[in-house]
Amino acid sequence: MSTGLLLSVVLALTCGNPTGGTAPADAGITGDFCARIAAYATLRGEVQEDLPAFQITDDVSAIRGSVRALAARIRAAQQRPIEGEIFTPRISDQFRTRLRLAVTDETCGTIMTDNPGRLSRPVSQDYPEGKPLTTTPATILRTLPGLPPDIEYRFVGPDLILLDTRANLVIDRMADAVQCVDSES
């Protein structure tokens, strides 16, 4: 079984609305999101097959080299990535609605703790070294569709990003995903 086919099967089992009970229109939008994230994960899997396997090592420069090589291959394989390829306007509207229902003062506190503020870099760029990664609260994770391994939801200021942790790459960004008091940084 090819890596792409195996990944598609895994994604079909993990992506979707974990809380269930969505309206048919919401299910279609969630399905669109899942298809878009699956396409990215499949692309990553295909380009990674051509690279040497990641080695377990204490050598930080070797690890960074492997991560950077994967990111460079992903960038080369993408057709001019633009913000909104995964977080389309319809998907963003649905996610913002879900987030408004899930975000409380406590959730905002968690999101804004160690929040690095907005990123000035466009999508398909490295997540900046030395910048903290915010914790994504469980209430948020239960609200949004599941993601493939090594892809995470993260907040940068009030924006929600998709971060490929294997390649340290910002896949996409949804501006103003949450409205927290201190989120204007």
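What you see is a predicted model; the values in this text were computed from it and never measured. (Residues numbered from 1 in each chain as written. Predicted model: local features only at pLDDT ≥ 70, side-chain atom pairs only at ≥ 80, totals over all residues. Heavy atoms only, no water.)

Engineer: Quick one: what's the story with unusual backbone geometry, residue by residue and with numbers?
Structural biologist: One non-glycine residue, Asp150, adopts positive backbone phi at about 70°. As for its placement among the helices and strands, Asp150 is situated in the loop between helix 6 (138-143) and strand 1 (151-156). Judged by its relative accessible area of 33%, Asp150 is partly exposed. Even without being glycine, Asn168 reaches a positive phi, approximately 50°. With respect to the helices and strands, the residue Asn168 is situated in the loop between strand 2 (159-164) and strand 3 (169-174). Residue classification places Asn168 among the partly exposed residues on the basis of a relative accessible area of 23%. (Helix = DSSP H or I, 4+ residues; strand = E, 2+ residues; numbered from the N terminus. Buried < 20%, exposed > 50% of the residue type's maximum accessible area, 1.4 Å probe, protein only.)

Engineer: Run through the state of the cysteines, naming residues and quoting values.
Structural biologist: Tallied over the entire structure, the rule returns 1 disulfide. The disulfide partner of Cys108 is Cys180, and the gap between their sulfur atoms is 2.1 Å. Residues Cys108 and Cys180 share a disulfide whose torsion about the S-S bond is about -80°; that sign makes it left-handed. With Cys108 in helix 5 (residues 105-112) and Cys180 in the segment after strand 3, this pair connects stretches of sequence that are 72 residues apart. The class for Cys108 is buried, based on a relative accessible area of 11%. (Disulfide = S-S within 2.5 Å.)

Engineer: If you had to explain the nonpolar core to someone new, which residues and values would you point to?
Structural biologist: Core analysis: the biggest nonpolar cluster contains 36 residues, and Phe33, Leu160 and Leu162 have the highest contact counts within it. Within the residue set of this core, elements represented by two or more residues are helix 2 (24-49), helix 3 (60-77), helix 4 (89-102), helix 5, strand 1, strand 2 and strand 3. With 8 residues, the top contributor of residues to this core is helix 2. Among residues more than four places away in sequence, those in contact with Leu160 are Phe87, Leu99, Leu144, Tyr153, Arg154, Phe155, Asp172, Arg173, Met174 and Ala177. Among the nonpolar cores identified, the runner-up in size contains 6 residues, and Leu119, Tyr127, Ile161 and Val170 belong to it. (Core = buried A, V, L, I, M, F, W, Y, C linked by side-chain atoms within 4.5 Å. Contact = heavy atoms within 4.5 Å.)

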